[in-house]
Amino acid sequence: TAFTNEGGRAVLKDAAGLSLRVVVEAPGFARWAEQMDSAPGTLRVTLATGVAVEGRVTAVRGRRDVAGASVELVGEGHRKSAITNANGEYHFDDVSPGRVHVGVSHPDYASVEQDVVVVATGRADRPFEIDPIDLPDPGVVEGRVVDGAGNGVPGARVAIGSVDAVVPVAMLSPSSSVSTHPDGSFRI
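What you see is a predicted model, and the numbers here were worked out from it, not measured in a lab.

A.B. asks: Whenever I open this one, the sheet that holds strand 9 (residues 109-118) confuses me. Can you help?
C.D. replies: The strands making up a sheet associate through backbone hydrogen bonding, with each pair oriented either parallel or antiparallel. If you walk across this open sheet you meet the four strands as 6-5-8-9, and the pairing is antiparallel. Looking at strand neighbours, the two that pair on one side only are strand 6 (78-83) and strand 9, the edges of this open sheet. The average undirected angle you get between the axes of adjacent strands in this sheet is 20°. As judged from the six bridges shared by strand 5 (residues 70-75) and strand 6, these two strands associate in the antiparallel manner. Residue pairing for strand 6: Leu73 is matched across the bridge by Lys80.

A.B. asks: Looking at this structure, I do not really get the pattern of salt bridges. What am I missing?
C.D. replies: Where charged atoms from two side chains of opposite charge approach closely, those side chains can pair. Tallied over the entire structure, the rule returns five salt bridges. A salt bridge links Asp65 to Arg56, with the nearest nitrogen and oxygen atoms 2.6 Å apart. When its relative accessible area of 28% is taken as the criterion, Arg56 is described as partly exposed. We note a salt bridge from Glu142 to Arg187, for which the minimum N-O separation is 2.8 Å. In this pair, Glu142 sits in strand 12 (residues 142-144) while Arg187 sits in strand 15 (residues 185-187), placing the two residues 45 residues apart along the sequence. For Glu142, a relative accessible area of 57% corresponds to the exposed category.

A.B. asks: What exactly am I supposed to notice about the side chain of Lys80 here?
C.D. replies: With respect to the helices, strands and loops of the structure, Lys80 is situated in strand 6. Buried and unpaired, Lys80 has Asp94 as its nearest opposite-charge partner, separated by 5.5 Å. Those residues in contact with Lys80 that lie beyond four places of it in its chain are Val71, Glu72, Leu73, Phe92, Asp93, Asp94 and Val95.

Reading the values: rules and limits
- Residues numbered from 1 in each chain as written.
- Predicted model: local features only at pLDDT ≥ 70, side-chain atom pairs only at ≥ 80, totals over all residues.
- Heavy atoms only, no water.
- Pairing = 2+ DSSP bridges.
- Helix = DSSP H or I, 4+ residues; strand = E, 2+ residues; numbered from the N terminus.
- Axes fitted to C-alpha atoms, helices over the stretch in contact; angles between N-to-C directions.
- Salt bridge = Lys/Arg side-chain N within 4 Å of Asp/Glu carboxyl O.
- Buried < 20%, exposed > 50% of the residue type's maximum accessible area, 1.4 Å probe, protein only.
- Lys, Arg positive; Asp, Glu negative; His and termini not counted.
- Contact = heavy atoms within 4.5 Å.

Don't take any of this as a statement about function, it's just geometry.
This is the structure:
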């Protein structure tokens, strides 16, 4: 890690020729990152102005603001998180223009994910607005895990989406991952 001086210069000793990933971040600017097979002796980076992004999370077809929803924005290999306020609103600063993935979750509703293309508005005081994201009512998934002979499999982990090979106990979420009962049944 190196910090730039007043002239915007930083030095990483003995980095020339190495395979590395260079990431440049500064408040008010979009994050810049590049993977290099062989780092040059000198690298000039021009940072683009970051985009403020905001939006709103609702439920009941837009008639109810959802406070306390977790909003995650992933773009350019960078993840930002926010929690909605009492009006269901969220805000992110310094987002890189381009395609981002937005995921919204709340314990009382089903989760929603969508891709959005963030475009610079041309003004620092005018954020890019994501259309309201409406969370649907949650559903229930029930089933039974069986082996090749039709016998229930106890203790199998079942999750929405993919199931990781190892999950620390503190990370288990009762709403999205469960273990099967002794008869192989589960309910999410």
